[in-house]
Amino acid sequence: MNGSDLPTATGLRAGLADMYGSTAPQAGRLRAMHLGAVVRLTPETMLANIGSAGLVLWTFSPDIHWELLLWFAGILTVCLFALRSWRKSAGRNFSHASSRTVHKATWHAVVLSSVWAFIPVFWFPAASDSQQLVIATLLTGMIGAGGFVLNPLPLASLAYIAVFTVSALYALWGSHEGAYVGVAVLVAVYAPLVALGALTAWRKSTALILAESRSQRQEQMLSLLLADFEQNAGDALWETDDSGRLVHTSPKLCALLGLGEQQAAGAALMNVLLALQAHGVHELSLALAELKPFKELALSFDSPQGPRHLQLNGKPLHTEEGTVSGWRGVMTDVTDKVLSNQLLRQLAHTDSLTGLTNRFQLRASLGERLAARQPVALLAIDLDRFKAINDRHGHSAGDEVLRLIAQRLKQQLSNDAMVARLGGDEFAVVLTAPGDIAQASSIARRVVLLLQEPLDLTVRLLTVGGSVGLSVCHGEALSLDELMVQADIALYAAKDSGRGQCVTYTPELGAVNQRRAKLEHGLRHALHRQELQLYWQPKVDLRSWKIVGAETLMRWRHPELGWISPAEFIPIAEQSGMIAALGSWALLEACRMHSSALAGLKVSVNVSSMQLRDDSFLAVLQDALDEFQVNPSQMELELTESVFLESADHALAMLHALRKTGVKLAMDDFGTGYSSLSYLRSFPFDTLKIDRAFVIELVEKKDAEAVVHMITGLAQTLGMRTVCEGVETPEQLEAIQRAGCDEVQGYIVAKPMPLQEFVVFRETWEQRKPPALPSHRLT
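Analysis parameters
- Residues numbered from 1 in each chain as written.
- Predicted model: local features only at pLDDT ≥ 70, side-chain atom pairs only at ≥ 80, totals over all residues.
- Heavy atoms only, no water.
- Axes fitted to C-alpha atoms, helices over the stretch in contact; angles between N-to-C directions.
- Helix = DSSP H or I, 4+ residues; strand = E, 2+ residues; numbered from the N terminus.
- Parallel < 35°, antiparallel > 145°, perpendicular 65-115°, else oblique.
- Left-handed = near helix turned anticlockwise from the far one by under 90°.
- Contact = heavy atoms within 4.5 Å.
- Nonpolar A, V, L, I, M, F, W, Y, C, P; charged D, E, K, R; others polar.
- Patch = residues over 30% accessible without salt bridge, like charges linked within 9 Å, V, L, I, M, F, W, Y side chains within 5 Å.
- Areas by Shrake-Rupley, 256 points an atom, 1.4 Å probe, with all protein chains shown as cover.
- Salt bridge = Lys/Arg side-chain N within 4 Å of Asp/Glu carboxyl O.
- Disulfide = S-S within 2.5 Å.
- Phe/Tyr/Trp six-rings, centres within 6.5 Å; stacked < 30°, edge-to-face > 60°.
- Buried < 20%, exposed > 50% of the residue type's maximum accessible area, 1.4 Å probe, protein only.
- Lys NZ or Arg CZ within 6 Å of the ring centre and 35° of its normal.
- Pairing = 2+ DSSP bridges.

Engineer: Which parts of the structure should I look at to understand the packing of helix H14 (residues 359–371) against helix H19 (residues 480–496)?
Structural biologist: A pair of packed helices is characterised by two quantities: the angle between their axes and the separation of those axes. Relative orientation of the contacting elements H14 and H19 amounts to 115°, with a least axis distance of 9 Å. Relative to H19, the element H14 is oriented roughly perpendicular. Considering only the axes of H14 and H19, their crossing is right-handed. Between H14 and H19, the contacting residues are Leu362, Arg363, Leu366, Gly367 and Leu370 on the first element and Leu480, Asp481, Leu483 and Met484 on the second. Residues of the contact of H14 with H19, tallied by class, amount to 6 nonpolar, 1 polar and 2 charged.

Right under this line is the structure:
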């Protein structure tokens, strides 16, 4: 029923038909609202009728006939009946009224007005002038008052007005006096206006009731949606008044703050947070004081269930005058997200087995200190006979040895010393305190003695021992790699001396630099002499077991020294400035091969951080793609996070420029560095290559598999693929499949090989069967 459509006759008839005939629930509720508006005024209107009837008696006194008394009794009876009905219904909340009920109200209005009609019809003609004046005035007033009071019930109002109007016109017109005839004309004119006004008032009240009903339904729907939102999401709505007290205390909000609903009701939000000793209260206080919207404001506190981390968004509420009347916002439980990030950050900074600093965090700390020309001493430690322990007692015993060694070093060295595990049985210690640096040789000898002490593995005592290489920088210009190479040279010398030794780097040990110089010289001519070549290692999709890509790996055969490892000559190329030429050659060769022998495969090329710093690299890449008409989506550049270490902003800008060419980008050695997570948010890569260090430990260590599973889940969330490199055994293959990796690369598929061998290998690949997994063999 739409009350706003009633000005026309058609709309009026439709509205009255709904009001008095519809059985729809909404019509019943509408009738109840209108009827209630009239019933609430029953005492006042009935008393007014009794008073008006008494006034008529007083006007005719003292000559009051029995007929007039009988009429008064009729008025009194009708009014008392109405009051009795009102009394019976008092206190009852009517939510629905039938058509019969409103029709009864119409008949009551007809009866009451009909009783009143006796006065103008039977007593007005014989009344005196003063009595006629009172009657005429009373009738016109009752027409207006009754029509107005009864307007929520339009038929009752029209019937009441009609009876009064007809009886009044009959009396006034029949008097044949000019003044009353004029009054009759006025009544004939204004009575329809009163009726029209009553209908208009009914229409507006109907529209208002319907609007309120719609608003209530919307509020109920909104409440249900908000309740469902708070119940099923990790968010809760919060709202405070101008004094900072909570006015919206949902169960979800109480649960987040660890309060009961009675405790939270009316409590000051700041007091609640102060009582919880929450971190971030000061920042929240400043945000509220600024009277501006804020978002992602962090709060954290300790709850009985453990640390809880919340995130607040809020905006001020304003009055019509523009003053702040309170605050409203959303409180989000980000505990799981924060704890996950903390765990990933910890995994990125620390060694998962021992809890020590990992290689990449060690390099970052050393790099910062060397860049600032600050003194530092580096101890490179390698355990002796550790492989024998693994072989004889198992990897579990080996892991326990590593943990005990890490614990012993942490306990016995100063708090200023940084102890790190570089991988396998390799450790390192960084000394930064002046006193420690001065005593570096003594500390190194003490470490050797500590390593010789027996280790209690509960079921057995083991003695491991170790060798230490020491390199000290007193603030001179020295690069990170040079310092680490010096320590490694000293360590190799210690091992060559018979193990269990400590050797400090000296210029005499720097003879290795001669080899480096020789390699650098030879590298400058390697391209011209065609000593470099590319080897290819396939990547296999774990679901289809098809070769989907290949990584290009550079190899160098020195005319005198033979095959040189990329781990040895690539750093030399980077430091000597030759990496750009080598990288450009590798990129051109990869594109050339892709356009012929490797068509259909995604080709991956390793790119050095030094290449990205060269502004011409982008042009070299585009020229290579254009020259050989390579589809950019089939070309993938593999980068390590070292690209971000010196100039993160420049690196990000270059990566975005590379992305515009259409090539794919892969983060190599993911999971071992300290900055991977932060840069993944700034720049989403297409592929994450999981470092082989995790693969090696997958089978023996459940936490390693958990880390790989976490990385694959992160990649899936960010829309990236994962490649596990360095997979060598069926057990490792099965583990990475369980962890959800997409592709595999490693010796279990094939070693890196020259192009001709790779082509033959690819052609015969479909004839090869996947390696039998341990679980399959068991079945």
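Having seen it, we continue.
Engineer: What is the right way to read a nonpolar patch on the surface from this model?
Structural biologist: A cluster of nonpolar side chains, contributed by Trp173, Val185, Leu186, Val189, Tyr190, Leu193 and Leu196, occupies part of the molecular surface with about 730 Å² of accessible area. If one sorts the elements of the nonpolar patch by residue count, helix H8 (residues 178–232) sits on top with 6 residues. With respect to the helices and strands, the residue Leu196 is situated in helix H8.

Engineer: Is there a simple way to explain the state of the cysteines in this structure?
Structural biologist: Here, the word disulfide means a covalent bond between the sulfur atoms of two cysteines. According to the stated counting rule, one finds 0 disulfides in the structure shown. Note on Cys473: no disulfide assigned, nearest cysteine sulfur contributed by Cys502 at a separation of 18 Å.

Engineer: When you look at the packing of aromatic side chains in this model, what are you seeing that I'm missing?
Structural biologist: Note on aromatic pairs: each is described by the distance of the centres and the angle between the planes. Per the counting criterion, the structure on display carries 7 aromatic pairs. Their ring planes at 75° and their centres at 5.2 Å tell us that Trp71 and Trp116 sit as a pair that is edge-to-face. In this pair, Trp71 is assigned in helix H4 (residues 66–89) and Trp116 in helix H5 (residues 99–123), connecting sequence segments 45 residues apart. Across the pair, Trp116 and Trp71 agree in class, each one buried. Where Phe761 meets Trp765, the ring centres are 5.4 Å apart and the plane angle is 40°; that geometry is what we call tilted. Through a chain of ring-to-ring contacts, the aromatic side chains of Trp545, Phe761 and Trp765 assemble into a single cluster. Lying over the aromatic face of Tyr535, Arg555 brings its terminal NZ or CZ to 5.6 Å of the ring centre.

Engineer: Teacher, can you tell me more about unusual backbone geometry here?
Structural biologist: Glycine aside, negative phi is the norm for most residues, and most peptide bonds take the trans geometry. Each neighbour pair has its own omega, and for Ser61 with Pro62 the value is 0°, a cis peptide bond. One can find Pro62 in the loop between helix H3 (42–60) and H4. Phi angles above zero are rare outside glycine, and Leu291 is one such case at about 60°. Following the sequence through the fold, Leu291 ends up in the loop between helix H12 (281–289) and strand S2 (294–303). With a phi close to 60°, Arg373 is a non-glycine residue in the positive phi region. On the secondary structure map, Arg373 appears in the loop between H14 and strand S5 (376–383).

Engineer: Help me understand the pairing of strand S6 (residues 418–423), please; the structure alone is not making it clear to me.
Structural biologist: Each regular strand carries side chains that alternate between the two faces of the sheet. The sheet contact formed by S6 and strand S7 (residues 426–431) spans 5 bridges and is antiparallel. Residue pairing in the sheet places Arg421 in a bridge with Phe427 of S7.

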